[in-house]
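Overview (structure and organization)
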Amino acid sequence: MKKKLMAWTMSLCVCAGLAGGTGAVSVWAAEDNTSAEDTQSDAVQETGEETADPDAVRVGALKGPTAMGMAQLLDADGYDFTIAASPDEIVPMVVQGNLDIAAVPANLAATLYQKTEKDVSVLAVNTLGVLYIVENGDSVKSVEDLKGKTIYASGKGATPEYALDSVLEASGIDPEKDVTIEYKSEHAEVVSALAQDQTAVGLLPQPFVTTALMKNDKLKVALDLNELWEASMNDDSRLVTGVVIAKNEFIKDHADRVDAFMDAYKESVDFVNSDTEAAAQIIGDHDIIPKEVAQKAIPDCSIVFIEGDDMKTMLSGYLTTLNDQNPQIIGGQLPDDGFYYKR
């Protein structure tokens, strides 16, 4: 099983747009001497919790909007949560069957579908666009104002690059000729670069945007890539950052528990978006992001719960756009209809 896991995860090598930290992430397998139990133990230590109920639904999420949207469920009975810092922890747990349900980047879900021989299905979209253009001054009012600018960003070869290129091209801006895009390895490097170059702009995800604005009152949000995407597309697709997936065996054997989870997750999303103060307290208590950041960031984190036909329309359109630019970022080809769960 270890050799099979190594082959799968090394073949993924996903540069995933994280649902909350939208940088490039290489997803590699654990070393040969790391067992599934070791991987799960390390991730559980991230949450500071241990499994109390062996029959609980095992749910994984990444620090950021996906885990934030689950706030109301984190202390509920019947669930065992793993809150991970990166997909590196989540992928082996999904492949080895140590998670029943997981919130992951949209393109990573499509890749897992291909690499696990269609062993997962997407239940819902849980995070829309979280990418924003920020600047020091007040010179950018529209995407056309980016022409001639230097844009600092993280996420080379990942979702941020393809989303930015798509929006620029839709507005008649050549990403290679009309702007200078400099990619950094970390979001913090983008902020540092903006401090050095006052005329440049930066591409950053929430909730890092809020963190940056809280530390530097000269920065401001100039453009919302989510709005720009929707304005430039004519296929009803949306800029989808994150989705929630489930193992097909779990769906088959426990359809009632899947339905109950989806209902509870939707209620949690409504709670998070309507009572940001209470939600931020829970998010901070679980060390997802600091309470103060969460309370300010939630309105701009695009936390949603969209299932069924609407989910399929927006997600398939988004994956089609990624496929047109680089099929490898979604596992080499578009998922078929079996990828989209509908209850």
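For the structure itself, look to the data block above.
First things first, this report covers the structure right here in the doc. All of these numbers come straight from a predicted model, not from anything done at the bench.

1. A word on the pairing of strand 5 (residues 131–135)
Among the 5 residues of strand 5, 5 are classified as buried, and the element is accordingly described as predominantly covered. Here strand 5 shows two buried faces, one formed by Leu 131, Ile 133 and Glu 135 and the other by Tyr 132 and Val 134. Strand direction decides the pairing type here: strand 5 and strand 8 (residues 201–205), joined by 5 bridges, are antiparallel. Counterpart to Ile 133 in the pairing with strand 8 is Leu 203. Pairing of strand 5 with strand 9 (residues 220–224), which is carried by 4 bridges, proceeds in the antiparallel orientation. Counterpart to Tyr 132 in the pairing with strand 9 is Asp 224.

2. A short note on the sheet that holds strand 4 (residues 120–128)
Strand order in this open sheet of 6 strands is 2-1-3-10-4-11, and the pairing throughout is mixed. Edge strands, defined here as strands with exactly one partner in the open sheet, are strand 2 (79–84) and strand 11 (303–306). When the angles between neighbouring strand axes are averaged without regard to direction, this sheet yields 25°. As defined by bridge partners, strand 1 (residues 57–62) adjoins strand 2 across 6 bridges and the pair is classed as parallel. Bridge pairing in strand 2 places Gly 60 opposite Thr 82. With respect to the sheet, helix 4 (residues 87–95) is in contact with strand 1, strand 2, strand 3 (101–105), strand 4 and strand 10 (240–247), its orientation differing from that of strand 1 by roughly 155°.

3. Looking at the packing of aromatic side chains
In this description, an aromatic ring pair is defined by two values, namely the gap between the centres and the angle between the planes. Per the stated rule, a full pass over the model turns up 7 aromatic pairs. When the centroid spacing of 5.1 Å and the interplanar angle of 75° are considered together, the rings of Phe 339 and Tyr 340 count as edge-to-face.

4. Some words on the pattern of salt bridges
For the coordinates displayed, the defined rule picks out 14 salt bridges. Here Asp 309 and Lys 342 are joined by a salt bridge, their closest N and O atoms 3.1 Å apart. Here Asp 309 is found in helix 14 (residues 308–325), whereas its partner Lys 342 is found in the segment after helix 14, with 33 residues between them in sequence. For Asp 309, a relative accessible area of 48% corresponds to the partly exposed category. Given the relative accessible area of 55%, Lys 342 is considered exposed.

5. Observations concerning the environment of Lys 342
When the C-alpha positions of Lys 342 and Val 122 are compared, they lie 9.0 Å apart, and in sequence the two are 220 residues distant. Residues within four places of Lys 342 in sequence aside, it is in contact with Gly 308 and Asp 309. There is a polar contact of 3.1 Å between the side chain of Lys 342 and the side chain of Asp 309.

6. Points about the nonpolar core
Membership of the largest hydrophobic core comes to 57 residues, with the highest contact counts inside it found for Val 125, Val 243, Ile 245 and Leu 315. Apart from the residues lying within four places of it in its own chain, the contact partners of Val 125 are Val 240, Gly 242, Val 243, Val 304, Phe 305, Ile 306, Met 311, Met 314 and Leu 315. One finds Leu 123, Ile 288, Ile 298 and Cys 301 within the second-largest nonpolar core, a separate group that totals 41 residues.

Calculation notes
- Residues numbered from 1 in each chain as written.
- Predicted model: local features only at pLDDT ≥ 70, side-chain atom pairs only at ≥ 80, totals over all residues.
- Heavy atoms only, no water.
- Buried < 20%, exposed > 50% of the residue type's maximum accessible area, 1.4 Å probe, protein only.
- Helix = DSSP H or I, 4+ residues; strand = E, 2+ residues; numbered from the N terminus.
- Pairing = 2+ DSSP bridges.
- Axes fitted to C-alpha atoms, helices over the stretch in contact; angles between N-to-C directions.
- Contact = heavy atoms within 4.5 Å.
- Phe/Tyr/Trp six-rings, centres within 6.5 Å; stacked < 30°, edge-to-face > 60°.
- Salt bridge = Lys/Arg side-chain N within 4 Å of Asp/Glu carboxyl O.
- Polar contact = N/O pair within 3.5 Å; in protein donor to acceptor, adjacent residues only side chain to side chain.
- Core = buried A, V, L, I, M, F, W, Y, C linked by side-chain atoms within 4.5 Å.

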